[in-house]
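Spelled out from the first residue to the last, the chains are:
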Amino acid sequence: QVRLVESGGDLVQAGGSLRLSCAASGFISNINTMAWYRRAPGKQRESVARLTSQGSTNYADSVKGRFTISKDDAKNTVYLQMNSLKPEDTAVYYCKINNRNIDYWGQGTQVTVSS
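Notes on the structure in this doc start here. Here the structure is a predicted model, which is why all the values come from computation and not from measurement.

1. Observations concerning the nonpolar core
Soluble globular proteins: nonpolar side chains tend toward being buried together.
No. 1: If you look at the biggest cluster of nonpolar residues, it comprises 29 residues, and the most contacted ones within it are Leu4, Trp36, Val48, Phe67, Leu80, Met82 and Tyr93.
No. 2: Of all elements in the fold, only strand E1 (2-7), strand E3 (18-26), strand E4 (31-39), strand E5 (46-52), strand E7 (67-72), strand E8 (77-82), strand E9 (91-99) and strand E11 (109-114) reach the threshold of two or more residues within this core.
No. 3: If sequence neighbours within four positions are ignored, tyrosine 93 has contacts with Glu6, Leu20, Trp36, Tyr37, Arg38, Val48, Phe67, Leu80, Met82, Gly108, Thr109 and Val111.

Next comes the structure, spelled out in structure tokens:
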């Protein structure tokens, strides 16, 4: 089985930065995609960033140019660098890894951006 643990969430002022980490443990092989999602209170979960096995990236329009997804294969870890944070970015952030065609989710980390 695969376990994902997120870290790095915090309360920051608008314009600040955070770096989220998602460490995977267990049997990891043939990862298809690595991604970050978020869910704000009372809102539907939305995709934030995605990194494919080919190295291509996709970002939600609301975060493009501010967020960057990356990975460290040796550590089985995916990162989300978040810059120029806005109050609208306040949400619980979840990482997802597709391993051997199965999706695995972390428990989430809270990001709060104050105005």
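2. Considering the sheet that holds E3
No. 1: Spatially, the four strands line up as an open sheet ordered E1-E3-E8-E7, and their pairing is antiparallel. The open sheet has two free edges, formed respectively by E1 and E7, since each of these has just one partner strand. Taken pair by pair, the neighbouring strands of this sheet meet at an average axis angle of 15°, ignoring direction.

Rules used in this analysis
Residues numbered from 1 in each chain as written. Predicted model: local features only at pLDDT ≥ 70, side-chain atom pairs only at ≥ 80, totals over all residues. Heavy atoms only, no water. Core = buried A, V, L, I, M, F, W, Y, C linked by side-chain atoms within 4.5 Å. Buried < 20%, exposed > 50% of the residue type's maximum accessible area, 1.4 Å probe, protein only. Helix = DSSP H or I, 4+ residues; strand = E, 2+ residues; numbered from the N terminus. Contact = heavy atoms within 4.5 Å. Pairing = 2+ DSSP bridges. Axes fitted to C-alpha atoms, helices over the stretch in contact; angles between N-to-C directions.

The values reported here are purely geometric and, on their own, carry no functional implication.
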